[in-house]
Amino acid sequence: MARTKTPEPKPAECSVCKGTGEVSRTVQVGRKRRTVGQQTGFCLNCLGSGEAPE
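Please read these numbers as outputs of a predicted model, since none were measured by experiment.

**Focus: the environment of Asn45**
- Its location among the elements puts Asn45 in the segment after β2 (34-42).
- As a C-alpha pair, Asn45 and Arg3 span 42 residues in sequence and 39 Å in three-dimensional space.
- Excluding anything up to four places from it in sequence, Asn45 contacts Cys14, Val16 and Pro53.

**Focus on unusual backbone geometry**
- Here Arg33, not a glycine, exhibits a phi torsion of approximately 55 degrees, which is positive.
- Structurally, the position occupied by Arg33 is in the loop between β1 (22-29) and β2.
- Phi at Leu47 is positive, roughly 60 degrees, even though this residue is not glycine.
- Within the secondary structure, Leu47 sits in the segment after β2.

**What to know about the pairing of β2**
- Sparse coverage of β2 is indicated by the burial of zero of its nine residues.
- Two elements, β1 and β2, share eight bridges in a ladder whose sense is antiparallel. Bridge pairing links Gln28 to Thr35 in β2.
- The turn joining β1 and β2, which pair antiparallel and follow one another in sequence, is formed by four residues; a positive phi near 85 degrees is taken by Gly30.

Parameters and conventions
By convention here, each chain's residues receive numbers from 1 onward along its written sequence. Predicted model: local features are reported for residues with pLDDT of at least 70 only, side-chain atom pairs are reported and counted for 80 or more only, and whole-chain, interface and lining totals are derived from all residues. Only hydrogens and water are set aside; all other atoms, that is, all heavy atoms of the structure, feed into the side-chain values. Only DSSP runs of H or I with at least four residues qualify as helices, and only runs of E with at least two residues qualify as strands; both kinds are numbered from the N terminus onward. Here a residue-residue contact requires only that any non-hydrogen atoms of the pair lie within 4.5 Å. Using a 1.4 Å probe on the protein chains alone, a residue whose accessible area is under 20% of its type maximum counts as buried, one over 50% counts as exposed, and one in between counts as partly exposed. Being paired, for any two strands, means DSSP has found at least two bridges between them.

Pasting the structure below:
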């Protein structure tokens, strides 16, 4: 009888982006640096993969 394969463990999620690969940054404009909203970009910690770097 053949042994069943054990599934590989999932990689740990990135602590900065919580595994999504994206982070939001506040956008400020003008001389008084008013906050106008947020902009989404990829996570520089995991480079958008969502997996924790080793």
